[in-house]
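Survey of secondary and tertiary structure
As a plain string of letters, each chain reads:
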Amino acid sequence: MRFMEPKIDQLRVSKVLSIIENDTEEARRIIDELPQRDYFVIGVTGSPGAGKSSLTDRLACMSADEKSTAVVAIDPSSPFTGGAFLGDRIRMRRATDDPEIFVRSMASRGNVGGLSPSIYNTVELLGRSGYERIYVETVGAGQSETDIVNLADIVILVLAPGLGDDVQTMKAGIMEIGDIFVVNKSDLPGSDQLFSRTRAILELSGKQLPVVRTNSIKGNGIEELHKKIGAILEDHVDSGRLSEKRRKRNLYNNLNSAYQIIKEHYAENAKLEELIKYLLENIGRESK
Amino acid sequence: MKIKVLVAKPGLDGHDRGAKVVAMALRDAGMEVIYTGLRQSPESIVKAALQEDVDVVGLSILSGAHMKICSKVLQLMKDSGIGNKPIFVGGIIPAEDAEELRRAGIFEVFGPGTSLKSIAEKIEETVKK
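Quick caveat, the model's predicted, so the values are computed rather than measured.

The next thing to look at is the interface of chain B and chain A. With 32 residues of chain B at the contact, the number on the chain A side is 33 residues. Counting each side, the surface lost to burial between chain B and chain A is near 2,600 Å², with a carbon and sulfur contribution of 53%. Contact with chain A buries area across many residues of chain B, yet Glu32(B), Lys47(B) and Gln51(B) alone supply 25% of it, more than any other trio. The interface formed by chain B and chain A includes four salt bridges. Seen at the junction of chain B and chain A, the total is 21 residue pairs in polar contact (both at pLDDT 80 or more).

Here we take up empty space enclosed by the protein. Picture a little ball the size of a water molecule; that probe, rolled over the atoms, points out where space is still empty. Under the defined criterion, the tally for this structure stands at three cavities of 30 Å³ or more. Here the largest cavity is characterised by a volume of approximately 70 Å³. If you go around the largest cavity, the residues you meet are Arg89(A), Arg93(A), Thr96(A), Asp97(A), Thr36(B), Gln40(B), Ser44(B), Lys47(B) and Ala48(B). The set of elements that each furnish at least two residues to the lining of the largest cavity consists of α4 (93–97) of chain A together with β2 (32–40) and α2 (42–52) of chain B.

This part covers helix α8 (residues 222–239) of chain A. Residues and elements named next belong to chain A. Look at α8: 26 Å from first C-alpha to last across 18 residues, which is about the 26 Å you get at 1.5 Å a residue. Of the positions making up α8, those classed as buried are Ile222, Leu225, His226, Ile229, Ile232, Leu233 and His236. Projected onto a plane normal to the axis of α8, the buried residues spread over an arc of 130 degrees and lie on a single side. Exposed and oriented more than 90 degrees from the buried face of α8 are Lys227, Glu234, Asp235, Asp238 and Ser239.

Moving on, we come to the sheet that holds strand β4 (residues 102–107) of chain A. All names here are of chain A. Sheet architecture is open: seven strands sit in the order β4-β2-β5-β1-β6-β7-β8, paired in parallel fashion. At either margin of the open sheet sits one strand with a lone partner, and together these are β4 and β8 (211–213). Here the average twist between neighbouring strands, direction ignored, is 20 degrees. Taken together, the four bridges between strand β6 (residues 154–159) and strand β7 (residues 180–183) define a ladder with parallel strand orientation. Counted as the bridge partner of Leu157 is Phe181 from β7. Sheet strands in contact with α8 are β1 (40–46), β5 (133–137), β6, β7 and β8, and its direction is about 170 degrees off that of β7.

The rules we used
- Residues numbered from 1 in each chain as written.
- Chains lettered and ligands numbered in written order.
- Predicted model: local features only at pLDDT ≥ 70, side-chain atom pairs only at ≥ 80, totals over all residues.
- Heavy atoms only, no water.
- Contact = heavy atoms within 4.5 Å.
- Buried area = accessible area lost by both parts, 1.4 Å probe.
- Salt bridge = Lys/Arg side-chain N within 4 Å of Asp/Glu carboxyl O.
- Polar contact = N/O pair within 3.5 Å; in protein donor to acceptor, adjacent residues only side chain to side chain.
- 1 Å grid on protein atoms, 1.4 Å probe; cavity = no way out; pocket = protein on both sides within 12 Å on 5 of 7 lines; lining within 4 Å.
- Points joined across faces, edges and corners; volume = space filled by probe spheres on them.
- Helix = DSSP H or I, 4+ residues; strand = E, 2+ residues; numbered from the N terminus.
- Expected span 1.5 Å × (residues − 1).
- Buried < 20%, exposed > 50% of the residue type's maximum accessible area, 1.4 Å probe, protein only.
- Arc of directions from axis to C-beta.
- Pairing = 2+ DSSP bridges.
- Axes fitted to C-alpha atoms, helices over the stretch in contact; angles between N-to-C directions.

Put into structure tokens, the structure is as follows:
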């Protein structure tokens, strides 16, 4: 194993990310000084224990063969103590052993949408630092943690057998945001049923979205998934959907940053904070 | 500002209960704990410390290889350019070894029976300085 001689200066990136997590105003200054670059954000979401981290590990290693790759993995902060137990690196042995892949854990710090307050600036900094593929793993999502759809160019929804019947897959929220559906743990009983059920539900809702079966421990199906992601991203580039997504991401970033700056510096001005929060929650709603 | 701690368990044994108990206690003390799990090499520990930009590194060692592991981690920390992050060690460490580890640059050694509260307090005090 080569040790610590990656193309991108990880120490610098790492230190700047800490500033981004704690001081949004300074974060924006630093980011503005760097030249804009093209990058793709691949969102990975799904229930706790569905296998998001292991899958992200596999995907990141695959894309690292072609493009410089970073992973941001978010786990929840305690609403009681503010502390967090960030354990996604455990499932990312391959990616964390790859000297070129940058892996960062983040706590959700009170964000309820499945991401963290500084995620937009984090992703922008990684992009401008030279990472071309950025995987964002959300917190284990229940039903309504759907913020990833505003951040990512493509959302991978990871499902695993044993987490409920087909009524669960018909509910509003998280099932509406996937661009690719993954039935992970394909070796477990119930996987066949989940696969056909997922396809049936998608058909019912008139969506022609790919459903891929994977086993992220053994690696089955990962290559197929990786290819499908690539194909969809290419499609998005051609159809102009990608530039629309980016425009939106930028908008969300600006609003989110404004909200953070207010929270960090003018917390006593509660009304202003509410206004921004309202804007943040309602922006772009009609177009979704 | 949140304190970020890396809790890692180097060595080839599977005794990770202590590391988990400490990690959860630090979480309950309001810290953000990055837990990397069992069988970490000194290289992967230092890489994690670098990528996560933690304030403190905690190592749990029960295999008896603490002298070798700690000197390797200290060396790699220096080479990586991370700077002087305090390293805490917990586990079964004989008193004379603990003394030598402190001399070598390990910030503190916590033996069996150390209260979880005092570990959290020590870390807080060290980071805030």
